[in-house]
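# Tertiary structure, described
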Amino acid sequence: MSVGSEAAPAPKVNAVGTMKTGVPLKVSLDGHVEEIETVSEAADFLQRWPIERRGHVYRSALNACSAAIAAQISQSDAMKVFTGFARVAGILVAGGGPATMLERRAAQPPRQGRQMPK
């Protein structure tokens, strides 16, 4: 017997297995701003990413997009990974205004064990 609990409506997915995220993610590559709204668009963007700049964060994003398209992970999770890639790569457009590249964070040297007070 049901206690009046209704299942939440499933997100709308189009025929090729991509889902609108609701808010487009803006990225800038070579001065051109692109809006990424679906996992398929994110995967297409990653396919055009310069080969010499492909590293482990890139591979994680591409793997996540591929897994979402194959319905192995959620579209939302894949877009979170892609957003992380865009932040790390410094291509995420801040706000919704003109393309402003985010500053890359300076790498901090790793800490060597616990520091003992003198």
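First, a word on scope: everything that follows refers to the structure included in this document. All values derive from a computational prediction rather than experimental measurement. Residue numbering note: each chain is counted from 1, following its sequence as written. Selection of residues for local features in this predicted model requires a pLDDT of at least 70, selection of side-chain atom pairs for listing and counting requires 80 or more, and totals for whole chains, interfaces and linings are taken over all residues. Excluded from the side-chain calculation are hydrogens and water; included are all heavy atoms of the structure.

### Considering the packing of aromatic side chains
Aromatic pairs are defined between Phe, Tyr and Trp rings, using the six-membered ring for Trp, whenever the two ring centres lie within 6.5 Å; interplanar angles under 30 degrees are classed as stacked, those over 60 as edge-to-face, and all others as tilted. Taken as a whole and judged by the stated rule, the model has 5 aromatic pairs. Pairing Tyr 58 with Phe 85 gives two aromatic rings, centres 6.2 Å apart and planes at 65°, and the pair type is edge-to-face. Linking Tyr 58 in helix 2 (residues 56–69) with Phe 85 in helix 3 (residues 75–89), this pair joins segments that are 27 residues apart in sequence. Phe 85 shares its class with Tyr 58; the two are buried. Working definition: with a 1.4 Å probe on protein chains only, accessible area under 20% of the residue-type maximum means buried, over 50% means exposed, and in between means partly exposed. Taking the relative accessible area as the measure of exposure, Phe 85 reaches 3% and is therefore buried. We count a stretch as a helix when DSSP gives it H or I for four or more residues in a row; a strand needs E for two or more, and each element gets its number in order from the N terminus.

### Let's talk about the pairing of strand 2 (residues 32–36)
Here a strand pair is declared whenever DSSP counts at least two bridges between the two strands. Note that strand 1 (residues 25–29) and strand 2 share 5 bridges and pair antiparallel. Pairing of Leu 29 across the sheet is with His 32, part of strand 2. From the end of strand 1 to the start of strand 2, which pair antiparallel, there are 2 residues, and Asp 30 there has a positive phi angle of about 55°.

### Some words on the pattern of salt bridges
Salt bridge criterion: a side-chain nitrogen from Lys or Arg within 4 Å of a carboxyl oxygen from Asp or Glu. By the definition in use, this model includes 2 salt bridges. Close ionic contact of Glu 35 with Lys 26 constitutes a salt bridge, the shortest N to O distance being 3.7 Å. A relative accessible area of 21% means that Lys 26 is categorised as partly exposed. Salt-bridge contacts for Arg 48 lead to Glu 34; the nearest nitrogen and oxygen are separated by 2.6 Å. With Arg 48 in the loop between helix 1 (39–47) and helix 2 and Glu 34 in strand 2, this residue pair connects regions lying 14 residues apart in the sequence.

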